[in-house]
Amino acid sequence: MNPTSLKLNLVEGSVSFAFTADAAQDLQQAIAQLMQSLKAATQSVGGGGKPTPQKPMEYRYSGDVFLEIFCNPNIWPSPFAAKVLITLRDDRIRLTTEAELTRVIEDVNQYLEQVG
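Nothing here was measured: the structure is a model prediction, and the numbers come from that model.

1. Observations concerning the sheet that holds strand 6 (residues 94-100)
Across the sheet, which stays open at both edges, the 4 strands sit in the order 3-4-5-6 with antiparallel pairing between neighbours. Of all strands in the sheet, those with a lone pairing partner are strand 3 (57-62) and strand 6, marking the two edges. When strand polarity is set aside, the average angle formed by the axes of neighbouring strands in this sheet is 15°. Taken together, the 5 bridges between strand 4 (residues 66-71) and strand 5 (residues 83-89) define a ladder with antiparallel strand orientation. From the neighbouring strand, E68 faces strand 5, where its bridge partner is T87. With respect to the sheet, helix 2 (residues 101-115) is in contact with strand 5 and strand 6, its orientation differing from that of strand 6 by roughly 100°.

Have a look at this one:
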C-alpha cells in the first residue's frame, strides 16, 4: 500500500511523515493495549495493595522514516494524563519529543478515516 502522510500533533507544533494504513492499524492496536495497561496500572490489586507493574509500550515503524513511540504506563495517574515519547528520524534528521496520548489517538484515528 502506498504511504500517505500522518500528521502527529505534538505538545508544541506538529510533524508529518509518510506512513501506511497497515502501520497505522498496528499503531492503533498498540495504543489500545497501552490503554489497557494504563487502566490496570491505576487500579489497586485486592484490598488497597499496589498495582501490578505494567510493561511499557514500544512501537516501532521502519519505512521512509523510522518512528518509535514509547510510553511507561506505570508513571501516569490516568490514560488522559499520559504522554508518549516520540522519536522520528531518517538519514538527515532526528526528532525526539513528547505528545499527549489522547492527541496521538485522535491523529491516528483521523488518518485511518482519511485513507479508508
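2. Considerations on the pairing of strand 1 (residues 4-9)
Alignment of strand 1 against strand 2 (residues 14-19), held across 6 bridges, turns out to be antiparallel. Bridge pairing in strand 2 links S5 to A18. The antiparallel pairing of strand 1 with strand 2 creates a hairpin that spans 4 residues between the two strands, and G13 there sits at a positive phi of about 90°.

3. Observations regarding the nonpolar core
Within the largest apolar cluster, 31 residues are counted, with the highest numbers of intra-cluster contacts made by F17, F19, Y59, L67, V84 and I86. Of all elements in the fold, only strand 1, strand 2, helix 1 (21-42), strand 3, strand 4, strand 5 and helix 2 reach the threshold of two or more residues within this core.

The rules we used
Residues numbered from 1 in each chain as written. Predicted model: local features only at pLDDT ≥ 70, side-chain atom pairs only at ≥ 80, totals over all residues. Heavy atoms only, no water. Pairing = 2+ DSSP bridges. Helix = DSSP H or I, 4+ residues; strand = E, 2+ residues; numbered from the N terminus. Axes fitted to C-alpha atoms, helices over the stretch in contact; angles between N-to-C directions. Contact = heavy atoms within 4.5 Å. Core = buried A, V, L, I, M, F, W, Y, C linked by side-chain atoms within 4.5 Å. Buried < 20%, exposed > 50% of the residue type's maximum accessible area, 1.4 Å probe, protein only.

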